[in-house]
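# Structural characterization, general
Here's the letter readout for the chains.
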Amino acid sequence: MKRTMQVSDAMIIDVDALTLWEQVADPTQMPRWSPENIGAHTPADSRPLQVGEVFEGSNHRGRAGWVTECVVTASDPGERFAFKVRKIGAGSPKLRAGIATWIYEFEDIDGRTRVTETWNDDRTAWPDWFAAIVDRVLTSGRLFADFQRLNIHGTLTAMKDEFSLGKNSEAA
């Protein structure tokens, strides 16, 4: 069975596209929403990163923890932010390999934003049967596409909840 190499989801969030892009394009903000990301180290103070800049992301799933090295591949204010995960490791990113690409697209809808989050499986050289075994070991029985579909939905829901709460507290 051929594996799914891309999954995405979209949600409308009650904040303008530029404000949301500014938050997402600063990877140090991602732990606010992501089910797995617990931090990031960027080349400068917290700010939107630009194409070519490299950052490290710290992640955890259950008892496992790992660090990734990522390079920004798109950074268009209010429109798009994307990065490739190009190294991974337990304590530091040592293993260089095609791992994943994450893409965030922002569409302004009357002052609100449709944000689309996409995960691409960049393990294209891996045979499907081998990827399926690794996936199930690393995700407690799921394929990465199914696992990432849940993560993406969780991230977008947390963003929506946070920005909706911000609007509600401003109105109070």
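Fair warning: this is a prediction, and the values are worked out from it, not measured in the lab. All residue numbers refer to positions counted from 1 along the written sequence of the respective chain. Per-residue local features of the predicted model are confined to residues with pLDDT of at least 70, and side-chain atom pairs are confined, for both listing and counting, to 80 or more; whole-chain, interface and lining totals are unaffected and use all residues. Side-chain figures throughout are based on the complete set of non-hydrogen atoms in the structure, without hydrogens or water.

## Points about a negative patch on the surface
- A contiguous patch of negative charge, built from Asp16, Glu22, Asp108 and Asp110, is present on the exposed surface.
- Counting from the N terminus, the helices are DSSP H or I runs at least four residues long and the strands are E runs at least two residues long. By secondary structure assignment, the location of Asp110 is in the loop between strand E6 (95–109) and strand E7 (112–121).
- Here Asp110 falls in the exposed class, since its relative accessible area comes to 77%. Without a salt bridge and with relative accessible area above 30%, a residue can belong to a patch; like charges are then joined within 9 Å and nonpolar side chains (Val, Leu, Ile, Met, Phe, Trp, Tyr) within 5 Å. A 1.4 Å probe and the Shrake-Rupley method give the accessible areas. Residues count as covered only by the protein chains that appear here. Just to be clear on terms, a salt bridge is a Lys or Arg side-chain nitrogen sitting within 4 Å of an Asp or Glu carboxyl oxygen. Charged-residue counts in this description rest on Lys and Arg as positive and Asp and Glu as negative, His and the chain ends being excluded. For this purpose, a charge sits on NZ of Lys, CZ of Arg, CG of Asp or CD of Glu. Categorising residues by exposure relies on relative accessible area from a 1.4 Å probe, with only protein chains included: less than 20% of the type maximum marks a residue as buried, more than 50% marks it as exposed, and the intermediate range marks it as partly exposed.

## Some thoughts on the nonpolar core
- Ranked by internal contacts, the top residues of the largest apolar core, which has 32 residues, are Phe81 and Phe106.
- Elements that contribute at least two residues to this core include exactly strand E1 (6–13), helix H1 (17–24), strand E4 (64–76), strand E5 (80–89), E6, E7 and helix H3 (144–171).
- In terms of residue count, the dominant contributor to this core is H3 (six residues).
- Each residue touching Phe81, except ones within four places of it in the same chain, is listed here: Trp21, Val24, Ala25, Pro27, Leu49, Val72, Ala74, Ser75, Trp102, Ile103, Tyr104 and Phe106. To qualify as a nonpolar core, a set must consist of buried Ala, Val, Leu, Ile, Met, Phe, Trp, Tyr and Cys residues joined through side-chain atoms within 4.5 Å. Here a residue-residue contact requires only that any non-hydrogen atoms of the pair lie within 4.5 Å.

## Considerations on the side chain of Arg123
- Mapped onto the secondary structure, Arg123 falls in the loop between E7 and helix H2 (128–138).
- A polar contact is formed between the side chain of Arg123 and the side chain of Asp121, at a distance of 2.8 Å.
- Once you skip the residues sitting within four places of it in the chain, Arg123 turns out to touch Arg3, Gly98, Ile99, Ala131, Val134, Asp135 and Phe144. In protein, a polar contact requires one atom able to donate a hydrogen and another able to accept it; more generally it is a pair of N or O atoms within 3.5 Å, and residues adjacent in sequence count only if both atoms are side-chain atoms.

## Concerning the sheet that holds E7
- Any two strands between which DSSP finds at least two bridges are classified as paired. Here seven strands make up an open sheet; going across it, the order is E1-E7-E6-E5-E4-E3-E2 and the pairing antiparallel. Both edges of this open sheet fall to E1 and strand E2 (37–41), since each of them pairs with a single strand only. Across the sheet, the axes of successive neighbouring strands diverge by a mean angle of 25°, strand direction being ignored.
- Looking at chain direction, E1 and E7 are connected through eight bridges and run antiparallel. Axes, fitted as lines to C-alpha atoms, cover a helix only where it is in contact. Angles between the N-to-C directions of the axes lie from 0 to 180 degrees.

## Digging into the environment of Gln50
- One can find Gln50 in the loop between E2 and strand E3 (54–61).
- A relative accessible area of 38% places Gln50 in the partly exposed class.
- Linking Gln50 and Asp108, residues 58 residues apart in sequence, is a C-alpha distance of 21 Å.
- Setting aside residues no more than four positions away along its own chain, Gln50 makes contact with Val72 and Ser75.

## Some words on the packing of aromatic side chains
- Centres within 6.5 Å are what make two rings of Phe, Tyr or Trp a pair, Trp counting through its six-membered ring; a difference in plane orientation under 30 degrees is then read as stacked, over 60 as edge-to-face, and the rest as tilted. Scanning the entire structure with this criterion turns up four aromatic pairs.
- Here the aromatic rings of Phe55 and Phe83 are separated by 5.1 Å at their centres, their planes lie at 75°, and the arrangement is edge-to-face. Taken together, the residues Phe55 in strand E3 and Phe83 in strand E5 connect sequence positions 28 residues apart.
- Ring geometry for Trp126 versus Phe130: centroids 5.3 Å apart, planes at 55°, classification tilted.
- With relative accessibility at 36%, the residue Phe130 sits in the partly exposed group.

## Observations regarding a nonpolar patch on the surface
- Taken together, the side chains of Trp126, Trp129, Phe130, Ile133, Val137 and Leu138 present a nonpolar region at the surface, about 630 Å² in accessible area.
- Relative to the helices and strands, Leu138 resides in helix H2.
- The class of Leu138 is partly exposed, set by a relative accessible area of 44%.

## Some words on H1
- Listing the buried residues of H1 in full gives Ala17, Leu20, Trp21 and Val24. Along the axis of H1, the buried positions cluster into a sector of 100°, meaning they face one direction only. Here, the arc refers to the directions that run from the helix axis to the C-beta atoms.

## Quick look at H2
- Every buried residue of H2 is accounted for by Ala131, Ala132, Val134 and Asp135.
- Residue Ser140 follows H2 closely and has a positive phi angle near 60°.

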